[in-house]
Amino acid sequence: MRQVRVLHMRVLAIVLAGGEGKRLMPLTADRAKPAVPFGGIYRLVDFVLSNLANGNYLQIVVLTQYKNHSLDRHISQTWRLTSMLGNYVTPVPAQQRLGPHWFSGSADALFQNLNLVYDEMPEHVIVFGADHIYRMDPRQMVAQHVDSGAEVTVAAIRQPLSLADQFGVIETDPAGRKIAAFREKPKDAVGLPDAPDQVYASMGNYVFRTQAMLDALREDALDPTSKHDLGGNIIPMMVKSGSAEVYDFADNVVPGSTDRDKGYWRDVGTLDAYYEAHMDLISAHPVFNLYNTQWPIYTGHDPLPPAKFVHNDGDRIGRAVDSLVSAGVIVSGGLAERSVLSPGVVMHSHSRVEDSVLMGNVKVGRGAVVRRAIIDKNVVIPDGARIGFDLEYDRSRFAVTQNGIVVIGKNEVIER
Ligand code: ADQ
């Protein structure tokens, strides 16, 4: 009965994809954070869009703003749905509809695009972020939201207390799901009663009753002191009015998921988190399983020839082990270990790539060695270069993260 009711609800999905992603620089130097490539062939935005599409929510608008060209192109080319059944995934760039200013925060982005909501007049609106790696069946969250009668439902997951200042932190009433307090990125959070080293963190995914969302956004728009931020202003406002509930991500069951990857969710907001999420993909029993065909992650890329491994002879090795290797890759007498090789990567003789993420068309010269690095598109590593060995030297020319990962930006020219 519950399923039938939920299936017949009119639901509009809005994906917030305007984030600048400052902490992912240089990967976000000329693309929006949700357009950052991930896992060889994907872009970050593909994960949320796949979750919505697999959940059969197929009226989707994607709000973009910052450096949106590659994001708009990716969405328009990859996410073309047949419009015959009224389905669409539409990128909507900031348009200054309400005056000569860009979006000031995520709530302002919604407010400036309310015409999209009026066009559909849905009963409920799903508002999801665009920069997380996870599988989630959004129908289960919508079902709880509809059943409970909440004005807003916020998806939440347990996270380490030490990361509390990166998240919206939720306190529930002792009886369960009602949100008693919501604080955006608090510096003084305390742990949960049953786990003092953990907090309950907002995933930045919300389901709103449409009218409640409209009322809250209008009230917020009139407040000159507001930052017009969903986590900072709208959700705390709705918590005060007493009908905000939490959806526990631990309850979400995705078809085909294993004990190992159930409940997997990564905010890849920093370079180290982005790197670690890649390492989660590559082991023999990955913590995040890209190969779950019951809940596929969709994307699109050029029709490339199959990956090829040559020159496995004498003192040369043309091989990749414990790695993800995309189409169009040529490993010619080089060795890749525990790495992600994106389409068009070429490794030449005697080269080695270890524990690294190589994006599209990276060329690794003869005898070059790359260790613990993220190399953005089109970079050419010269013959004999060594990346990731002398971090002081690397720091003088590239970004090096707190954990010692060397990051080389798109198209950068490298001297040996
Ligand atoms: P943050 O990710 O820090 O925290 P924010 O920078 O607003 O919040 O980004 C949220 C989403 O909105 C991202 O997908 C981003 O791309 C997008 N976005 C940001 N500004 C936008 C704009 N002006 N227009 C369109 N899209 C925009 C949020 C919540 C926290 C929660 C974490 C979980 O505020 O409460 O814990 O997400 O990662």
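Every value quoted in this text rests on a predicted model; they were computed, and no experiment measured them.

Criteria and cut-off values
Residues numbered from 1 in each chain as written. Predicted model: local features only at pLDDT ≥ 70, side-chain atom pairs only at ≥ 80, totals over all residues. Heavy atoms only, no water. Helix = DSSP H or I, 4+ residues; strand = E, 2+ residues; numbered from the N terminus. Contact = heavy atoms within 4.5 Å. Buried < 20%, exposed > 50% of the residue type's maximum accessible area, 1.4 Å probe, protein only. Polar contact = N/O pair within 3.5 Å; in protein donor to acceptor, adjacent residues only side chain to side chain. Phe/Tyr/Trp six-rings, centres within 6.5 Å; stacked < 30°, edge-to-face > 60°. Lys NZ or Arg CZ within 6 Å of the ring centre and 35° of its normal. Pairing = 2+ DSSP bridges. Near = heavy atom within 4 Å. Salt bridge = Lys/Arg side-chain N within 4 Å of Asp/Glu carboxyl O. Axes fitted to C-alpha atoms, helices over the stretch in contact; angles between N-to-C directions. Domains from an automatic or database assignment. Buried area = accessible area lost by both parts, 1.4 Å probe. Nonpolar A, V, L, I, M, F, W, Y, C, P; charged D, E, K, R; others polar.

## A short note on the environment of Asp165
Residue placement: Asp165 occurs in the loop between strand E8 (152-160) and strand E9 (168-172). When the C-alpha positions of Asp165 and Asp147 are compared, they lie 32 Å apart, and in sequence the two are 18 residues distant. Ignoring any residue separated from it by four or fewer positions in sequence, one finds Asp165 in contact with Lys185, Pro186 and Lys187.

## Some details on the side chain of Glu354
Note on placement: Glu354 falls in strand E21 (residues 352-354). Exposure remark for Glu354: the relative accessible area of 11% places this residue in the buried category. Of note is the side chain of Glu354, whose polar atom sits 3.0 Å from the side chain of Arg352. Discounting residues that sit within four places of it in the chain, Glu354 has contacts with Glu337, Arg338, Ser339, Val370, Arg371 and Arg372.

## Quick look at the side chain of Asp355
By the secondary structure assignment, Asp355 is in the loop between E21 and strand E22 (357-358). A polar side-chain atom of Asp355 sits 2.7 Å from a polar atom in the side chain of Arg338. Leave out the neighbours within four places in its chain, and Asp355 touches Tyr275, Met279, Glu337, Arg338, Ser339, Arg372 and Ala373.

## What to know about the packing of aromatic side chains
Tallied over the full model, the rule gives nine aromatic pairs. Judged by centre distance (5.8 Å) and plane angle (75°), the ring pair of Phe38 and Tyr274 falls under edge-to-face. In this pair, Phe38 sits in strand E2 (residues 37-38) while Tyr274 sits in helix H9 (residues 271-282), placing the two residues 236 residues apart along the sequence. Each member of the pair, Phe38 together with Tyr274, is buried. Lying across the ring of Phe389, Arg386 places its NZ or CZ 4.1 Å from the centre.

## Points about the pairing of E9
Strand direction decides the pairing type here: E9 and strand E10 (residues 179-184), joined by five bridges, are antiparallel. The residue bridging Val169 from the neighbouring strand is Arg183, located in E10. Connecting E9 to the next strand, E10, in antiparallel fashion are six residues, including Gly176 with a positive phi near 150°.

## Here's the deal with the sheet that holds E21
What the five strands build is an open sheet, ordered E15-E18-E21-E24-E27; its pairing is parallel. The two strands at the open ends of the sheet, each matched to only one other strand, are strand E15 (319-321) and strand E27 (386-387).

## What about the site of the ligand?
The full set close to the ligand counts 25 residues, and Leu16, Gly19, Glu184, Lys185 and Ser202 are the nearest of them. Backbone polar atom of Leu16 to an oxygen atom of the ligand: 2.8 Å apart, as the coordinates give it. Between Gly18 and the ligand, the recorded distance is 2.8 Å, taken from a backbone N or O atom to a nitrogen atom. Counting only elements with at least two residues in the shell around the ligand, the list comes to E10 and strand E11 (198-209).

## Topic: the environment of Phe288
Following the sequence through the fold, Phe288 ends up in the loop between H9 and strand E14 (308-310). Measuring from C-alpha to C-alpha, the distance between Phe288 and Tyr134 comes to 7.9 Å, with 154 residues separating the pair along the chain.

## Overview of the pattern of salt bridges
Under the defined criterion, the tally for this structure stands at 15 salt bridges. Linking Arg177 and Glu245 is a salt bridge whose minimum nitrogen-to-oxygen distance equals 3.7 Å. Of the two residues, Arg177 sits in the loop between E9 and E10 while Glu245 sits in strand E12 (residues 244-248), which places them 68 residues apart along the sequence. Overall, the relative accessible area of 16% leaves Glu245 in the buried class. For the salt bridge of Arg395 with Glu392, the shortest nitrogen-to-oxygen distance reads 2.8 Å. Separated by three residues within a single helix, Arg395 and Glu392 lie in helix H10 (residues 391-397), roughly one turn from each other.

## Considerations on unusual backbone geometry
If a residue is not glycine, its phi is most likely negative; likewise, a peptide bond is most likely trans. The residue after Met25, namely Pro26, is reached through a cis peptide bond having omega 5°. Mapped onto the elements of the fold, Pro26 is located in the loop between strand E1 (11-16) and E2. Non-glycine residue Arg338 carries a positive phi angle of around 45°. The phi angle at His350 is positive, at roughly 65°, despite the residue not being glycine.

## Let's talk about the sheet that holds strand E28 (residues 399-400)
As summarised here, the arrangement of the six strands in space is E16-E19-E22-E25-E29-E28, forming an open sheet in which the pairing is mixed. Edge strands, defined here as strands with exactly one partner in the open sheet, are strand E16 (324-325) and E28. In the sheet, E22 pairs with strand E25 (residues 373-375) via two bridges, with the strands oriented parallel. Paired with Leu358 across the strands is Ile375, a residue of E25. Helix-sheet contacts for H9 involve E16, strand E19 (340-341), E22, E25 and strand E29 (406-408), and the interaxial angle to E25 is about 95°.

## Here we look at helix H2 (residues 45-54)
Buried residues dominate H2, accounting for 10 of its 10 residues. Taken residue by residue, H2 has Val45, Asp46, Phe47, Val48, Leu49, Ser50, Asn51, Leu52, Ala53 and Asn54 as its buried positions.

## A look at the domain arrangement of the protein chain
Put simply, an interface is often sized by how much accessible area is lost when its parts join up. When cut into domains, the protein chain gives domain 1 (2-278) and domain 2 (308-408). In this structure, domain 1 and domain 2 have C-alpha centres spaced 34 Å apart. Each partner contributes to the interface: domain 1 provides 13 residues, whereas domain 2 provides 18 residues. Roughly 1300 Å² of surface becomes buried between domain 1 and domain 2 when both sides are summed, with 65% attributable to carbon and sulfur atoms. In terms of surface lost to domain 2, no three residues of domain 1 exceed Gly40, Asp272 and Tyr275, which account for 42% of the buried area on that side. On the surface where domain 1 and domain 2 come into contact, there are one salt bridge. In this structure, the salt-bridge partner of Arg31 is Asp376, at a minimum N-O distance of 2.9 Å. Counting the contacts that link domain 1 with domain 2 gives four residue pairs in polar contact (both at pLDDT 80 or more). At five residues, H9 tops the list of elements feeding residues into the side of domain 1 that touches domain 2. The residue makeup of the side of domain 1 that touches domain 2, split by class, is seven nonpolar, three polar and three charged.

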